[in-house]
Amino acid sequence: MRKLELHWQILIGMLLGIVFGFVMTQVDWGKGFVSDWIQPLGTIFVKLLKLIAIPLIIASLVKGISDLKDISKFRNIGVRTILIYIVTTVVAISIGLLMVNVMTPGNGISEETITKLTETYAGDAGVTSKLEEASRQKSSGPLQFVVDMVPENALAAMSNNKLMLQVIFFTVFLGISMLLIGEKNAKPLKNFFDSLNDVVLKMVDLIMLTAPYAVFALLAGVVVSSGDPDLLLALLRYAGVVVLGLVLMIVFYTIVVSSFTKKNPFWFLKEISPAQLLAFSTSSSAATLPVTMERVEEHIGVDKEVSSFVLPVGATINMDGTSLYQGVAAVFISQALGFDLTFGDQLTIVLTALLASIGSAAVPGAGMVMLVIVLESIGFPADKLAIGLALIFAVDRPLDMCRTVVNVTGDATVSMVVAKSVDKLGKPKVKEWDDHLEEVI
Ligand code: ASP
C-alpha cells in the first residue's frame, strides 16, 4: 500500500485532535484528562523542535556562507532579503487596513458585548501580562534593537531561543571570517559544520515522524482551553476580517511565486504544507523553523546558501500575518471603542506595525504584545488599553494559529524569490522522512 503523504497524516491528526477535544469538553473529567495526559505530548514535540533550532541555524548558516566562496554574494543575498521582507510586510499591513476600513467590524459590536468582554478579560492574567511585557519593550531607544542584535557572549546567546538574531549575527560573522582565511585553513571547521548539519536534519526527520500524533495532542489542548463559545461568536466578524486578509496574503504569495519564480504556486503550497500545518498547530514560527528549512531546501529546491540565511532571519523579523493582524486589530479596537482615527493615524499604524513585526518574537501570542505598542503610537488612551486587548483576547489563539501560517509561508516565498534572483533555485532533492528508519526502531 502506498504510504499516506506526510501532510495528509498531519491533517488527519489535527482533525482527530479537534474532534477529540470537543468530545472531551462534554465530559466532566475531559479537560483535566487532556491537560494531564494528552497536552504534554504536544509540548514535548514543540520542545524537541525548539531544541534543534539553534544547532540547525548555526550549522546550516556556516555551511551556507562558507559555500559561497565570495563575500559579495552574501551581501547581495542579505540586501535583497531585507528589502523584499519590508515590501511583503507593507503589503500585508495595507491589505489589513483596507479590509478593516471597508468592512468596519468594530461598528457592529454592541455595548453589551463590549461590557461582557471587558468584565471577562480586562483583568485576566493573559491580558495584564501582555501589557506588562509591552511596557518593558517600549522603554528602549530607537537603535536599541540593533544594539540587542550584537551578543556580548556567544554561548549565552546560543543558550536562549529568544536571542536568535544574536546567534545569526555571531554565525554570519564566523562564516564570513571562514571565507576570509581561505578554503584550506577553514576546511576542518567546515567539515565539522557540514556533518553537524546533516545530523541535525536527520533529527528533524525523526521528530517529524511523530508529527501526526503531536498535532493531535496540540489541537486537543487548544480546543479544551478555548474560551466561552458565545464570546467567540460575538467576535466572528472581526476574526473573519483577519482570516480573509490572511487568505488574501496567501493569494498574494501564490502570485509572487508564479510571476517571479515561474513555478506552479499549487505545487509550492503542497510542498510547504507540512510546515504550514505545524505553524498552525504550534503557533510558533521559531518552533516550525527546522521543518520550514527542510521543506524549502529538499522539497522546493532552494539552495542552502540562500535558505540558511533567509529563513532564520525571516522567522524572527518577517511576520506578514502578524502585522496584518495588528493593523486590523488596532482599527477594530478603535472602531469598537469610538476612538476616531485620521489618515495620518493609519499611516502611523503601517510604520509601527512594520517595526512591531520585526520586534515580535516568533512565539505564541507575541503579536498581541506588540499590538499595545501600535495602539500607543496612535495616541490610544492608556487607561483603555486593557479594555482594548480584552475585546480581542477571546479569539487571539485561533487567529495566532492562522497568522503564524502566513508568517511561515511568507518566509518560504521570499526564500524562493531571493534564490531565483541569484540563480540558486534548483531541483528539489527529496529525501524520505523515514530513510534508515528500520535501523532506529
Ligand atoms: N505566533 C506568531 C509567530 O510565531 C507571532 C504572533 O503573531 O504572535 O509567528
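Keep in mind that what you see is a predicted model, and the values were worked out from it rather than measured.

Here we look at the overall build of the chain
Stage number 1. When helices and strands are tallied, the chain shows 21 helices and zero strands.
Stage number 2. Computed over its C-alpha atoms, the radius of gyration of the chain comes to 22 Å, within 12% of the 22 Å expected for a compact globule of 441 residues.
Stage number 3. Its C-alpha atoms put the chain at 70 × 50 × 45 Å along the principal axes.
Stage number 4. Split into buried and exposed, the 441 residues of the chain put 52% on the buried side.
Stage number 5. Within the structure as shown, the chain displays about 19,700 Å² of accessible surface, and the carbon and sulfur contribution to it stands at 66%.
Stage number 6. Distance from the positive charge centre (33 side chains) to the negative charge centre (39 side chains) of the chain: 8 Å.

So, the side chain of Glu-297
Stage number 1. Mapped onto the fold, Glu-297 is located in helix α14 (residues 285-300).
Stage number 2. A distance of 2.7 Å separates polar atoms of two side chains, one belonging to Glu-297 and the other to Lys-304.
Stage number 3. Non-local contacts of Glu-297, meaning those with residues more than four positions away in its chain, are made with Leu-201, Val-302, Lys-304, Ser-307, Ser-308 and Lys-429.

A closer look at helix α19 (residues 385-393)
Stage number 1. Of all nine residues making up α19, seven are buried, and the element is well covered by its neighbours.
Stage number 2. Every buried residue of α19 is listed here: Leu-385, Gly-388, Leu-389, Ala-390, Leu-391, Ile-392 and Phe-393.

Some thoughts on the packing of helix α3 (residues 71-103) against helix α15 (residues 304-317)
Stage number 1. Orientation of α3 relative to α15, taken along the N-to-C sense of each, is 35 degrees, at an axis distance of 10 Å. The crossing of α3 and α15 is right-handed. Facing α3, whose interface residues are Phe-74, Ile-77, Gly-78, Thr-81, Ile-82 and Tyr-85, α15 presents Glu-305, Val-306, Phe-309, Val-310, Leu-311, Val-313, Gly-314 and Ile-317.

A closer look at the nonpolar core
Nonpolar side chains tend toward joint burial in soluble globular proteins.
Stage number 1. Ranked by size, the top nonpolar core spans 121 residues in total, and within it Phe-45, Met-208, Tyr-238, Leu-371 and Ile-392 carry the most contacts.
Stage number 2. Here the element with the most residues in this core is helix α20 (residues 396-421); it accounts for 10 residues.
Stage number 3. If you look at the next biggest cluster of nonpolar residues, it comprises eight residues, including Val-62, Val-167, Met-178 and Phe-193.

About the cut-offs
- Residues numbered from 1 in each chain as written.
- Predicted model: local features only at pLDDT ≥ 70, side-chain atom pairs only at ≥ 80, totals over all residues.
- Heavy atoms only, no water.
- Helix = DSSP H or I, 4+ residues; strand = E, 2+ residues; numbered from the N terminus.
- Rg over C-alpha atoms; globule rule 2.2 N^0.38 Å.
- Buried < 20%, exposed > 50% of the residue type's maximum accessible area, 1.4 Å probe, protein only.
- Areas by Shrake-Rupley, 256 points an atom, 1.4 Å probe, with all protein chains shown as cover.
- Lys, Arg positive; Asp, Glu negative; His and termini not counted.
- Charge placed at Lys NZ, Arg CZ, Asp CG, Glu CD.
- Polar contact = N/O pair within 3.5 Å; in protein donor to acceptor, adjacent residues only side chain to side chain.
- Contact = heavy atoms within 4.5 Å.
- Axes fitted to C-alpha atoms, helices over the stretch in contact; angles between N-to-C directions.
- Left-handed = near helix turned anticlockwise from the far one by under 90°.
- Core = buried A, V, L, I, M, F, W, Y, C linked by side-chain atoms within 4.5 Å.

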